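Letter by letter, the chains look like this.
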Amino acid sequence: MSNLVSRFRFTIKLNINPSDIKPMTVSTTSEPELMSRFINGILAIKPLSNFAKHQARQMMIKRAEAMGVPWRQQTQTLLSRNWDAELTQVQNPNLQYPDYYVTSFHAYEKGNLSWQAAVEVEVAAYSVHAKIWPEAGAKGDAKLRQSYHDILKAQLPIPPQDILDLGCSVGMSTFALQEIYPDAKMTGVDLSPYFLAIATYNTQKQSNLKYTPKWVHAKAESTGLPSGSFDLISLCLICHELPQSPTREILQEARRLLRPEGHLAIMDMNPKSEMFKKMPPYIFTLLKSTEPYLDEYFTLDIEQAIIDAGFQRPTVNFNSPRHRTIIASVG
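On a predicted model such as this, the values are computed, not experimentally measured, just so you know.

Engineer: I keep staring at the sheet that holds strand β1 (residues 162–166) and nothing clicks. Help me out?
Structural biologist: Pairing between sheet strands relies on hydrogen bonds along the backbone, with the strands arranged either parallel or antiparallel. Spatially, seven strands are ordered β3-β2-β1-β4-β5-β7-β6 in an open sheet, and the strand pairing comes out mixed. The open sheet has two free edges, formed respectively by β3 (214–217) and β6 (315–320), since each of these has just one partner strand. When the angles between neighbouring strand axes are averaged without regard to direction, this sheet yields 20°. As judged from the four bridges shared by β1 and strand β4 (residues 230–236), these two strands associate in the parallel manner. Across the sheet, D165 pairs through a bridge with S234, a residue of β4. Running at roughly 170° to β3, helix α9 (residues 193–204) makes contact with β2 (185–190) and β3 of the sheet.

Laid out in C-alpha cells, this is it:
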C-alpha cells in the first residue's frame with residue numbers, strides 16, 4: 001500500500017507542463033467516463049483518498065495565503081471563541097440528519113458537521129474562486145456572486161420581498177442577496193448548526209440591515225416552513241454537494257414554498273464548461289476527493305428535474321467560465 005501512496009504522491013507533485021496534458025472529458029452522460037471511473041477506484045482506497053484530501057486542502061490554504069487571505073490566522077481566531085450561545089440559539093436538537101450528509105466533505109472527516117469546516121467556509125470560498133478569472137484573485141468570490149446577481153436582476157421583473165436561501169452555510173450567499181434586495185426579508189436554511197452559529201455571529205457584524213435574517217436548522221428537502229411563503233428561492237453552490245434523489249426532493253420543496261409567479265434560482269458548477277472538460281486528471285482527482293457526489297451532479301439533467309418538480313422550463317446562462325445560473329418560474 002505504501003508503494004501505491006508513493007506513486008500517487010509522485011503523480012500529484014509532478015511539475016507537468018500544461019501543453020503536455022491531454023484534455024479529459026468529464027462525464028455528462030448517465031455513466032462516468034473511463035477516467036472518472038479510474039479516479040473513483042483511486043479514491044476507494046482510503047490511504048490514497050486521505051492523501052488526495054490532504055493535498056487538496058493544502059493547495060487551498062497556500063493559494064489563499066499567497067493572495068493575502070490570512071487563512072490560518074482567521075480560522076484560529078474563530079476556533080478560540082466560545083460558540084455556545086450561537087449554537088444553542090440555532091440548533092434543532094431533534095433534527096435527524098440524512099445519510100448523504102453524514103459523510104466527509106471538503107477534506108473534513110466529519111464533513112459540514114464540525115467547527116473546523118464552519119470557520120473555514122469564508123476563506124475557502126476566496127481560495128476556490130480565485131482562479132475563475134485570472135485577474136480577480138481574492139475578489140473572485142465576490143465577482144462570481146455578482147455575476148449570479150446580475151442575471152437575477154435582469155430576469156426577475158419585480159424585486160422579491162421574501163427570499164429563502166437554501167443551503168445558506170455561514171450566510172455569505174444570504175448577505176450578498178440582501179445587498180441587492182435590501183427591502184427583502186431573508187431566511188436561511190442549512191443542515192449544519194455550526195454553519196448557522198457562524199451565520200448568527202456574522203449577522204452582528206452587518207450594518208444597515210432593514211430586516212435581520214432568520215436562520216433555520218432544517219433539511220432543504222423538508223424545511224417545515226409554510227407553503228407559499230417566498231417570492232424567490234436561491235440555491236447557491238449547493239446542488240453539486242447532493243445526490244440526485246435529495247436534489248429532486250429539494251426542487252419539489254421549493255415548488256411548495258414559492259408563491260404564484262415566484263422564482264427558483266440555482267447557481268452552481270457548469271458540467272458543460274470547457275474548463276471542466278479539459279481539467280487535468282490529477283486536478284480532477286483532488287476535486288473529487290472533496291466532493292463525494294460530483295458524478296451524480298454531473299450526470300443529472302437538472303433542467304428536466306426542475307420541470308418535473310412543477311416549474312416552467314428554466315433559462316440557463318453561463319455566468320462564469322465554469323458556472324451556470326438556472327432560473328425557473330412557478331408560472
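Engineer: Any chance you could explain the pattern of salt bridges here in plain terms?
Structural biologist: Charged atoms that come close allow side chains of opposite charge to pair. The final tally for this structure, using the stated rule, is eight salt bridges. One salt bridge in this structure joins R81 and E86, with 2.9 Å as the shortest N-O distance. Its relative accessible area of 29% is what places R81 among the partly exposed residues. Here E86 falls in the buried class, since its relative accessible area comes to 6%. With a shortest N-O distance of 2.9 Å, D141 and R145 are connected by a salt bridge. You can see D141 and its partner R145 sitting in helix α7 (residues 140–155), four residues apart, about one turn around the helix.

Criteria and thresholds
Per-chain numbering applies: the sequence of each chain, read as written, is numbered from 1 onward. Only residues with pLDDT of at least 70 get local features here, since the model is predicted, and only at 80 or more are side-chain atom pairs given and counted; chain-wide, interface and lining totals rely on the full set of residues. Only heavy atoms go into the side-chain values, all of them from the structure, while hydrogens and water stay out. Here a strand pair is declared whenever DSSP counts at least two bridges between the two strands. Put simply, DSSP H or I for four residues or longer makes a helix, DSSP E for two residues or longer makes a strand, and each gets a number counted from the N terminus. Orientation is described by axes fitted as lines to C-alpha atoms, over the contacting stretch for helices, and by angles from 0 to 180 degrees between their N-to-C directions. By the convention used here, residues are in contact when the closest approach between their heavy atoms is within 4.5 Å. The salt bridge criterion pairs a side-chain nitrogen of Lys or Arg with a carboxyl oxygen of Asp or Glu, the two atoms within 4 Å. For every residue, the accessible area (1.4 Å probe, protein chains only) is compared with the maximum for its type, and the residue is labelled buried under 20%, exposed over 50%, or partly exposed between those bounds.

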